[in-house]
Structures are given as structure tokens and as C-alpha cells.
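What the coordinates show
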Amino acid sequence: MLGSIKSNCGAMGTPYTGIGSCPKKEGKVSALLITGKNALYPMESEDFVSGLSGYVTTADALKMYPIKGVVGMTINGGEINAPDLGTYGGPVPTNLTAKNIAYQVDAGDCLYKEISKFNKRKMRVLRVDDEGFVYGTVVVRDGKNYFAGFEATLYAVRTPTDGSTAYNLSLYAYYTPSNESEEKNMHAFEVGLPNVPDGLIGAAGRCDRDRFGGDRLRRRGYYRRVRRQVESQYVYQRFGHGGDHRDVRLGYRTAVDRPCGQIPCGIRQRP
């Protein structure tokens, strides 16, 4: 097995079999750190904590999406799969069934709109308990151990109040059948809840998606339309006619020096 629970499990964080040698138990989940499927982080707590804020703001494969305010969870599955062996044989345990966990989040519709971008996407989930310990698993790449979240497919669900029941926002994590081996290779260390940064989900889709709801080409078209509107408005206000952006481009844009506060930089007056 890989990984260790680095709390008070001996000097090197290695658990022993004696009762009380490793009393740390995963506590109530208070926050989730959602990462990409291929996001791998350093095993050492010092390196992980020092880079935590950077993981939230980066745009590369290590991008991390913190979800704070987890107030409860509902677990389904994860039982022993023990089919009967033949007609007369008794049940034989083979593995654990895949489980899914609904994490209830104390938030409203704004967060729902953000985390719903994860729907049907296979991600990784790091859990932070109420004692500030982050729980994940160990992934081996090219002979080196890395810290990573548990692999799961996500889906956000909101249930509005009907007047008698409370509003509920849940993020469902459907863990893969390999979750049993991931749990066996569990790795955890203390990060401290105050060190878990806030972070907006933002453009959580493909890297070519943006806040305008389109890809790079649509974004480029948006800025082109805005520029034309600004140029057309200037032509109308400055020259008293309803010309369009082509009037500016056909001879009324130069690189002459003038205070930018008077008229738009790079556009000179008509002779």
C-alpha cells in the first residue's frame, strides 16, 4: 500500500497496528478541492500548502476549484459485493460496489450555476475535514509518487424550497470502481482550514471556453463587434453624421500624439 496518514502516527507518519498508535480518523467533510483528472500534486505537505493559492489561480493542468461550506453528505453504495458461488455455494465476497456521495453545500443558485459546469465530467476530489486534514490518494507516474484526488464523475443538483422543506444544493460524486484501491492508497496531511483559499469556478469547461459562453472564435467576434460600436459612436459624435466604423478605418486613424482624454487615442480629427 502507498501513502500515509501524517498526523501522530509515529515519527515518520507510518501507522502501526497497536491501538492508539494512529488515532487520526477522517472527520466531517468541510470543503472539497476539485481538480482535473490528470492533476498530480507533491506528496509533502509543505510543498502542497505553499502552492495551494497558486493552484486556484493557475490556468494549467494543476487548476484547483475549492468548494467550501460543505455541511453534510449522503453515501450510497460501497457495500461488499458477495454473489452466491454456484447453486449450492454460499456468498463469496469479491469487491466493494461503486459508491456515490452527495455533498450538501450551504450555498445558493450562484454557486449552482458554477458547479453545474462539472456535470457529467470525470474529475478528482480531495476532501478536507473539519480538522483541516486533506484526504486523497497516491498516483504513480514514471516511478514517482504523486498526491491526487479520488476519481469521480460529478453532477450538481438543486432542490428549491416548497415552503415546508429547505432549499438544498448537492454535488454528487460518483466514484469509480477503482475507489477501493484508491482508498487503500489513502494519503492525508494537515493543511488547516484557513489555508483553503476561496476560488471561483469561472470557466471550468474546456480551456477554450470563456465567460461569454463560447469558444475563442466567438470571443474574438464579440470584441470585434464592441470595437465597431465604439468607432461608429465616435464618428457620429465627432463628425455629426451616422457613418460607421469604416469611416474611421479609411483615413481617420493615425498614430499622432494627442491627450488620450480628449478623443480616442489614434484617431485624428477630420480636416
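Let us look at the structure shown here. None of the values given here were measured: they were computed from a predicted structure. (Residues numbered from 1 in each chain as written. Predicted model: local features only at pLDDT ≥ 70, side-chain atom pairs only at ≥ 80, totals over all residues. Heavy atoms only, no water.)

1. What to know about the pattern of salt bridges
So the rule is basically this: Here, a salt bridge means any Lys or Arg side-chain nitrogen found within 4 Å of an Asp or Glu carboxyl oxygen. Note on conventions: DSSP H or I runs of at least 4 residues are helices, E runs of at least 2 residues are strands, and numbering of each starts at the N terminus. A simple rule labels every residue: compare its accessible area, found with a 1.4 Å probe on the protein chains alone, to the largest value its type can have, and call it buried under 20%, exposed over 50%, or partly exposed in between.
According to the stated counting rule, one finds 13 salt bridges in the structure shown. Lys 24 is paired through a salt bridge with Glu 131; the nearest N and O atoms lie 2.5 Å apart. Of this pair, Lys 24 sits in the loop between β1 (5-6) and β2 (29-35) while Glu 131 is found in the loop between β8 (121-129) and β9 (133-141), placing the two residues 107 residues apart along the sequence. Taking the relative accessible area as the measure of exposure, Glu 131 reaches 48% and is therefore partly exposed. The closest approach of N and O atoms between Lys 37 and Glu 151, which form a salt bridge, is 3.9 Å. In this pair, Lys 37 sits in the loop between β2 and α1 (45-50) while Glu 151 sits in strand β11 (residues 150-159), placing the two residues 114 residues apart along the sequence. Residue Lys 37 is classed as partly exposed on the basis of its relative accessible area of 38%. Since its relative accessible area comes to 12%, Glu 151 is described here as buried. Several salt bridges converge on common partners, so that one network encompasses Lys 37, Lys 122, Arg 124, Glu 151 and Glu 182.

2. Digging into the pairing of strand β7 (residues 100-105)
Stated precisely, the cut-off is as follows: For two strands to be treated as a pair, DSSP must find at least two bridges joining them.
Counting buried residues in β7 gives 6 out of 6 residues, a clear majority hidden from the surface. Both faces of β7 are covered, namely the face carrying Asn 100, Ala 102 and Gln 104 and the face carrying Ile 101, Tyr 103 and Val 105. The pairing of strand β4 (residues 70-76) with β7 spans 6 bridges and is classified as antiparallel. Among the inter-strand pairings, Val 70 is bridged to a residue of β7, identified as Val 105. Relative to strand β12 (residues 168-175), β7 is paired through 5 bridges, and the arrangement is antiparallel. When the bridges of β12 are listed, Asn 100 appears paired with Tyr 174.

3. Re the pairing of strand β13 (residues 186-190)
Residues in a regular strand project their side chains so that they alternate between the two faces of the sheet. Taken across its 5 residues, β13 has 4 buried, putting it largely inside the fold. Direction of pairing for β1 relative to β13: parallel, over a ladder of 2 bridges. Directly across from Lys 6, in β13, lies its bridge partner Phe 189. Looking at chain direction, β9 and β13 are connected through 5 bridges and run antiparallel. Looking across to β13, one finds that Phe 133 is bridged to Glu 190.

4. Considering a nonpolar patch on the surface
Threshold: In this analysis, a patch consists of residues with relative accessible area above 30% that form no salt bridge, clustered at 9 Å for like charges and at 5 Å for the nonpolar side chains Val, Leu, Ile, Met, Phe, Trp and Tyr. Method for areas: the Shrake-Rupley scheme with a 1.4 Å probe, in which residue coverage is limited to the protein chains shown.
Taken together, the side chains of Tyr 155, Val 157 and Tyr 174 present a nonpolar region at the surface, about 270 Å² in accessible area. The residue Tyr 155 is located in strand β11 in this model.

5. Focus on unusual backbone geometry
A positive phi angle, near 70 degrees, is found at Lys 120, a position not held by glycine. Residue position: Lys 120 is located in the loop between α3 (109-115) and β8.

6. Quick notes on the side chain of Glu 182
Applied cut-off: Note on contacts: a residue pair is in contact if any heavy atoms of the two residues lie within 4.5 Å.
Mapped onto the elements, Glu 182 comes out in helix α4 (residues 179-184). If we ignore the near neighbours within four places in the chain, the residues touching Glu 182 are Arg 124, Thr 137, Phe 150 and Glu 151.

7. Considering the nonpolar core
We count it as follows: Residues belong to one nonpolar core when they are buried, are Ala, Val, Leu, Ile, Met, Phe, Trp, Tyr or Cys, and are joined through side-chain atoms within 4.5 Å.
The biggest cluster of nonpolar side chains holds 21 residues, and the ones touching the most others in it are Leu 32, Ile 34, Tyr 103, Leu 154, Leu 171 and Tyr 175. If we ignore the near neighbours within four places in the chain, the residues touching Leu 32 are Tyr 65, Pro 66, Ile 67, Val 70, Tyr 103, Val 125, Leu 126, Arg 127 and Leu 171. Counting 17 residues, the second largest nonpolar core, distinct from the first, contains Phe 48, Val 128, Val 138 and Val 196.

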